[in-house]
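# Breakdown of the fold
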Amino acid sequence: MLAEKLLPGLTNVASQPRYFSLLCGGAQLAGELSHPAPREERRLRLDCVLRLERFWAIANVLATERTEALSTMGLRGVTRATKVVDALAERGAKKADAHFDILGRQQRYGAVGIYGAVADGLRLWDRKTLGLTPDLGDRLGSAFLRDTVLPLSIRQAVLRDTPVAMQTLADWGERAHLAAEVGEVEAACLADAVHREPVRSRMLQTLAEYPALGGETELARLARIAGALELDAERRDLREPIIAIGHYEASYSRALLGFERILYRCRSSPSGTVTPAELGMDEVIRSVRTELPEHVAAFGAALDEAGAGWFRRDLGRLDDVRTFLEGAAASAKPADLAEALLSRHGEIQRGKLDHGRPKLPWVQRTGDAVALTLARAGGISTEPIEPAQVIPHPYRVAAADGFLRATGGAS
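Heads up: these notes are all about the structure in this document. (Residues numbered from 1 in each chain as written. Predicted model: local features only at pLDDT ≥ 70, side-chain atom pairs only at ≥ 80, totals over all residues. Heavy atoms only, no water.)

Glancing now at the side chain of Lys 5. Inspection of the secondary structure assignment puts Lys 5 in helix H1 (residues 2-6). Of the side chains with opposite charge, Asp 314 comes closest to the buried, unpaired Lys 5, at an N-O distance of 5.2 Å. Look past the residues within four positions of Lys 5 in its chain and what remains in contact with it is Val 199, Pro 241, Trp 310, Phe 311 and Arg 313. (Helix = DSSP H or I, 4+ residues; strand = E, 2+ residues; numbered from the N terminus. Buried < 20%, exposed > 50% of the residue type's maximum accessible area, 1.4 Å probe, protein only. Lys, Arg positive; Asp, Glu negative; His and termini not counted. Salt bridge = Lys/Arg side-chain N within 4 Å of Asp/Glu carboxyl O. Contact = heavy atoms within 4.5 Å.)

Below is the structure:
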């Protein structure tokens, strides 16, 4: 919710802008087919997009093998695509078809599922019909197909479901690679799409003004930006959510550290259990109990004292997490804090469904013992002793940087 205040409409996973060009290119290719009915039209568009994505994935892998300057980082289904390329090479095959599963569920976890919703929000296409918008989607699709010089054989393979020469795919991959430089029209279309929303546009321009320093984390960069904007009244609506994010992450890291410590103590015990009294004496849980109130109070103040109308809108959505944090911070004793963390974890797990049934908590209190359950528990692999071990939430900055690279920072 806080990320939406900075970069509305983007997501953390849709971080490679060229996927939007691919979606529009595939949907536009489908326009070359005859469409007997609206329902059939959508299916044909979907088939073309999925086939083009599979050929494009192979092209990316082949181009990366040929050119060290390219990387497949961010390519969805890269493991499967690499296996397909390796299998074809072992057989000495000269052609590849699109008869393979790039992902377990490509429509859901590939370009259509991961990038499709964002493309709809960017007004590139209609997610329901997969039809392109005439002002942006159609232009972007045309630019992608034209600027990457899509070979006729690939075009026909997408439309007719036929094989393509590996050499042709490799050549096209160098031009169409997700990390390759985009053409001027493609870059302009992407810039138009991402800068249509005013808050998002201004945050993108701010990120361009303050690029990441070497080795700098996302949170550190945001904190640096917040400091630089302290006297900038015009960008108060950007600074306020950044300040709230910093205090929230400080609160979150300590609360999760406390929970991870409970898991660790149970795992480390020969019996697999620990008593509430033992948790109350744990030095890490005691430190969390000491540090949490300061950060939770700062988080609450950041929300209450916010003056920007955009930031204040819908802040009620944070009431649940704020109530939990404030309750945990008010714990009179470390053992009470541990109890609050266990209770919160149980609530969250019960809110998740596994085959229609609420999920089991990873750990729970039964009588005078806190014990692991049969549910598989994740968490920190080493002994949790400090907040820095907790991985913070991402805030869409990587996706924004992707657009900045693709568009050359154009606004």
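A separate point is helix H4 (residues 78-91). With 14 residues, H4 should reach 20 Å at 1.5 Å per residue; the first-to-last C-alpha distance of 20 Å fits that figure. Backbone geometry just downstream of H4 places Gly 92 in the positive-phi region, at approximately 75 degrees. (Expected span 1.5 Å × (residues − 1).)

What follows concerns the environment of Ala 375. By secondary structure assignment, the location of Ala 375 is in the loop between strand S7 (369-372) and helix H19 (397-407). Expressed as a C-alpha distance, the spacing of Ala 375 and Ala 220, which sit 155 residues apart in the sequence, is 35 Å. In this view, Ala 375 contacts Leu 360, Pro 361 and Trp 362; residues no more than four positions away in its chain are not counted.

As a further point, take unusual backbone geometry. Backbone geometry at Leu 130 places phi at a positive 65 degrees, although glycine is not the residue there. Tracing the backbone through its elements, the reader meets Leu 130 in the loop between helix H6 (111-121) and helix H7 (137-147). Given the relative accessible area of 1%, Leu 130 is considered buried.

So, about the sheet that holds strand S3 (residues 273-274). Strand order in this open sheet of 3 strands is S3-S7-S6, and the pairing throughout is antiparallel. What marks the edges here is a single partner per strand, and that holds for S3 and strand S6 (363-366). Relative to S7, S6 runs antiparallel, the two being bridged by 4 bridges. Within S7, the residue paired with Val 363 across the bridge is Leu 372. (Pairing = 2+ DSSP bridges.)

By the bridge criterion, 2 bridges tie S3 to S7 in an arrangement that is antiparallel. Its bridge partner lying in S7, Thr 273 is registered against Ala 371. Connecting S6 to the antiparallel partner S7 that follows it, the hairpin turn spans 2 residues, and Gly 367 within it adopts a positive phi of roughly 65 degrees.

This part takes up helix H17 (residues 319-329). Side chains of residues three or four places apart in an α-helix project in the same direction, reflecting 3.6 residues per turn. For H17, the complete set of buried residues consists of Val 321, Arg 322, Phe 324, Leu 325, Ala 328 and Ala 329. Buried positions in H17, seen along its axis, are confined to an arc of 160 degrees and lie on one side of it. On its buried side, H17 packs onto helix H13 (236-268), helix H15 (283-304) and helix H18 (334-350). (Arc of directions from axis to C-beta.)

Another point: the pattern of salt bridges. Per the counting criterion, the structure on display carries 25 salt bridges. Across the pair Arg 139 and Asp 192 runs a salt bridge whose closest N-O atoms are separated by 3.4 Å. Of this pair, Arg 139 sits in helix H7 while Asp 192 sits in helix H10 (residues 184-194), placing them 53 residues apart in sequence. Owing to a relative accessible area of 36%, Arg 139 belongs among the partly exposed residues under this scheme. Among the residues examined, Asp 192 registers a relative accessible area of 37% and is labelled partly exposed. Each of Arg 261, Arg 265, Asp 282 and Glu 383 takes part in a single network of salt bridges with overlapping partners.

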